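Take a look at the letters that make up each chain.
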Amino acid sequence: MARRDAIDLVGASGLVIFSTLLAANQVVIKLTNGGIGPIFGAGLRSAMALCVLGLWVWLARRRITGVRAAFWPGLMLGGFFSLEFVMLFLALDLTSVSRASILFYSMPVWLAVVAHFVLPGERLSARRIAGLALAMAGVAWALADSQSRDAGDLRGDLLALGAAFAWMGIALTVRLTRVSRLTAETQLFFQLAISAVALIAVAPLFGPLLRDPTWLHWAGLSFQAAVVASLGFLFWLALMAIYPASDIAAFSFLSPVLAVGMGWLLLDEPIGPGFVGALSLVAVGIVLINLRRKTPAGAA
């Protein structure tokens, strides 16, 4: 498809579908953890997704290039990816999907703060500062909500926040190193290959590898590998190649909103009025942070 100057109906539909997949993934991880050890499951997911990526590269006649030239920053990219999913899978084993999603998808908040100092053109405007304030207030409110706190765990909450920081590390690595010059397939190759080896290697340190899994747990793992971790990521990058990044980022508020709703609907997680208010603050804050002023045609 040709490059677009704004999100159209096709793009908006694709982003809603992608956000729904990400939200559903949080629920699937929590359910899969019931039969497969969290870290072992995360490692298997990466290994299976790597196979899907290889099949995609072969069928689409794409190439994995630049691995040697960008080896060290690629190693950093894979390290952040591994750390992100160690913490996220453990977080969802301990705390509720609702609380983990609020904290994990707060990543744009912390990225906006760090980007102000390290990324050119990412200065904090008054609107973005207002968004930061709203989102941070929402995160604090969500953690303090008494009804959801009973279904949560402080250890899991902190791990979800750590996963958000690791995700931020991935974004900064892509922006600030030679990884930015790699193809999408090569970036994903680094993340999946390194995490598959690292996570499976350390999995025995985190308890039993298997927890009496059933076909449902294996199906959940397959969904994560094929639909989210490989093809889902490639679909996201395809949207990035067609639509403005700032317009796409503005849809990032959907994932935590949908994840909280799915946690309530599918897992019967408690969500009171206070938690809904907190979620609203986070969502509005993320939109304000990602919203970009349109540049008139012909302007420098």
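As shown above, the structure is provided for reference.
The written sequence of each chain sets the order in which its residues are numbered from 1. Note on the predicted model: pLDDT of at least 70 is required for a residue's local features to be given, and 80 or more for side-chain atom pairs to be given and counted; whole-chain, interface and lining totals, by contrast, use all residues. The side-chain quantities take in all heavy atoms of the structure and omit both hydrogens and water.

Draft legend 1. Up close: the environment of Ile-29. Helix numbering and strand numbering both begin at the N terminus, where a helix is a DSSP run of H or I of at least 4 residues and a strand a DSSP run of E of at least 2. Within the secondary structure, Ile-29 is located in helix α1 (residues 9-32). For the pair formed by Ile-29 and His-217, sequence separation is 188 residues and the distance between their alpha carbons is 9.2 Å. Any two residues whose heavy atoms approach within 4.5 Å are treated as being in contact. Once you skip the residues sitting within four places of it in the chain, Ile-29 turns out to touch Leu-88, Phe-89, Leu-92 and Gln-224.

Draft legend 2. Highlighting helix α5 (residues 107-118). By this rule, a helix spans an expected 1.5 Å times one less than how many residues it contains. For α5, which comprises twelve residues, the first-to-last C-alpha distance of 16 Å matches the rise-based estimate of 16 Å (1.5 Å per residue) to within 8%. Buried within α5 we find Met-107, Pro-108, Val-109, Trp-110, Leu-111, Ala-112, Ala-115 and His-116. In the core, the buried residues of α5 are packed alongside α4 (97-104), α6 (126-144), α8 (154-176) and α13 (273-290). Buried means the residue's accessible area, taken with a 1.4 Å probe over protein chains only, is under 20% of the maximum for its type, while exposed means over 50%, and partly exposed covers the values in between.

Draft legend 3. Geometry of the pattern of salt bridges. The rule for a salt bridge is simple: a side-chain nitrogen of Lys or Arg has to be within 4 Å of a carboxyl oxygen of Asp or Glu. If you walk through the whole model with that rule in mind, you get four salt bridges. The residue Glu-185 makes a salt bridge to Arg-62 at a minimum N-O spacing of 3.0 Å. Here the residue Glu-185 occupies a position in helix α9 (residues 184-202), and Arg-62 occupies one in the loop between α2 (38-59) and α3 (71-94), the gap between them amounting to 123 residues. Notably, a salt bridge pairs Asp-93 with Arg-211, separated by 3.1 Å at the nearest N-O pair. Of this pair, Asp-93 sits in helix α3 while Arg-211 sits in the loop between α9 and α10 (215-242); the two residues are 118 residues apart in sequence, bridging distant segments of the chain.

Draft legend 4. Representation of the nonpolar core. Ile-39, Leu-53, Leu-88, Leu-92, Ile-102 and Leu-192 are the most contacted members of the largest nonpolar core, which has 54 residues in total. No other element matches α3, which puts ten residues into this core. If sequence neighbours within four positions are ignored, Ile-102 has contacts with Val-139, Ala-142, Val-260, Phe-275, Leu-279 and Val-282. Met-107, Ala-112, Leu-119 and Met-168 belong to the second-largest nonpolar core, a separate cluster that totals 13 residues. Definition used in this section: a nonpolar core is a set of buried Ala, Val, Leu, Ile, Met, Phe, Trp, Tyr and Cys residues joined via side-chain atoms within 4.5 Å.

Draft legend 5. Region of the structure containing the packing of aromatic side chains. Working definition: a ring pair exists when centres of Phe, Tyr or Trp rings (six-membered ring for Trp) sit within 6.5 Å. Plane angles under 30 degrees give stacked, over 60 give edge-to-face, the rest tilted. Counting across every chain of the model gives nine aromatic pairs. Summarising the aromatic geometry, the rings of Phe-71 and Trp-72 are spaced 5.1 Å apart at their centres and angled 80° between planes, so their arrangement reads as edge-to-face. Assessed through its relative accessible area of 37%, Phe-71 is described here as partly exposed. By relative accessible area, Trp-72 is classed as exposed at 61%. Taken together, a centroid distance of 5.8 Å and an interplanar angle of 70° make the contact between Trp-110 and Phe-165 edge-to-face. Of this pair, Trp-110 sits in helix α5 while Phe-165 is found in helix α8, placing the two residues 55 residues apart along the sequence. Using a relative accessible area of 38% as the deciding quantity, one classes Phe-165 as partly exposed. Among the aromatic residues, those joined into a cluster by ring pairs are Phe-81, Phe-85 and Phe-89. Residue placement shows Arg-45 over the ring face of Phe-85; its charged tip is 4.2 Å from the ring centre. Placement of a positive charge over a ring is assigned whenever Lys NZ or Arg CZ falls within 6 Å of the ring centre and within 35 degrees of the normal to the ring plane.

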